[in-house]
Amino acid sequence: MTDRSQDAWNEVDRRFSEFGRILSERYRKAGQERGAPAEPEEARRKLEEAFSAVTRQLDLAFSSVGDTIRDPEARDTLKQAGKAMVDALSSTASDVGDQIRKRRPSAGP
């Protein structure tokens, strides 16, 4: 892989890591605002409590994603991550094409 391609993929990593950090912060903040689910105390209610907790966590996760996507900074970060990925794919495809052309035997007379 050329330095150009490596740099492009490093940019993809950086951009998606930043978006993940923003999403993680939103998820943690939403969880703190809603409070942690209580632990079930009765054995017969454990399944119901567990299902309820999973449902709340899924709701929290999807709400965090929705809130994050609506945030202009997060949306811009995700847009930049997507652009970085397209640039990295383009650069990699170009490198692969260069390598194929270098290895292809030239057609002589």
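A few points on the structure. (Residues numbered from 1 in each chain as written. Predicted model: local features only at pLDDT ≥ 70, side-chain atom pairs only at ≥ 80, totals over all residues. Heavy atoms only, no water.)

Here we look at the packing of helix α1 (residues 3–34) against helix α3 (residues 72–103)
Packing of α1 against α3 leaves a shortest axis separation of 8 Å and a crossing angle of 160°. Regarding the angle of α1 to α3, the classification is roughly antiparallel. Seen from above, α1 lies across α3 with left-handed handedness. Considered class by class, the residues forming the contact of α1 with α3 number 13 nonpolar, 7 polar and 7 charged. (Axes fitted to C-alpha atoms, helices over the stretch in contact; angles between N-to-C directions. Helix = DSSP H or I, 4+ residues; strand = E, 2+ residues; numbered from the N terminus. Parallel < 35°, antiparallel > 145°, perpendicular 65-115°, else oblique. Left-handed = near helix turned anticlockwise from the far one by under 90°. Nonpolar A, V, L, I, M, F, W, Y, C, P; charged D, E, K, R; others polar.)

Things to note about a nonpolar patch on the surface
Residues F16, M85 and L89 make up a contiguous nonpolar surface patch of about 250 Å² in total accessible area. The residue F16 is located in helix α1 in this model. (Patch = residues over 30% accessible without salt bridge, like charges linked within 9 Å, V, L, I, M, F, W, Y side chains within 5 Å. Areas by Shrake-Rupley, 256 points an atom, 1.4 Å probe, with all protein chains shown as cover. Salt bridge = Lys/Arg side-chain N within 4 Å of Asp/Glu carboxyl O.)

A word on α1
The terminal C-alpha atoms of α1 lie 46 Å apart, and with 32 residues this matches the ideal 46 Å at 1.5 Å per residue to within 8%. If you check which residues of α1 are buried, you get S5, A8, V12, R15, F19, I22 and A30. (Expected span 1.5 Å × (residues − 1). Buried < 20%, exposed > 50% of the residue type's maximum accessible area, 1.4 Å probe, protein only.)

A short note on the pattern of salt bridges
Under the defined criterion, the tally for this structure stands at 9 salt bridges. Put simply, E18 and R21 hold a salt bridge, and the shortest N to O gap is 2.4 Å. Of this pair, E18 and R21 both sit in helix α1, 3 residues apart, which is roughly one turn of that helix. Note that R26 is salt-bridged to D71, the shortest N-O span being 3.0 Å. With a gap of 45 residues between them, R26 in helix α1 and D71 in the loop between α2 (46–70) and α3 connect regions that are remote in the sequence. In this structure D71 comes out as buried when scored by relative accessible area, which is 18%. Overlapping salt bridges, with partners in common, bring together E11, R14 and R15 in one network.

Overview of the environment of V12
Residue position: V12 is located in helix α1. The class for V12 is buried, based on a relative accessible area of 7%. A C-alpha to C-alpha distance of 8.2 Å links V12 and K83, two positions 71 residues apart in sequence. Setting aside chain neighbours within four positions, we find V12 in contact with A84, M85 and A88. (Contact = heavy atoms within 4.5 Å.)

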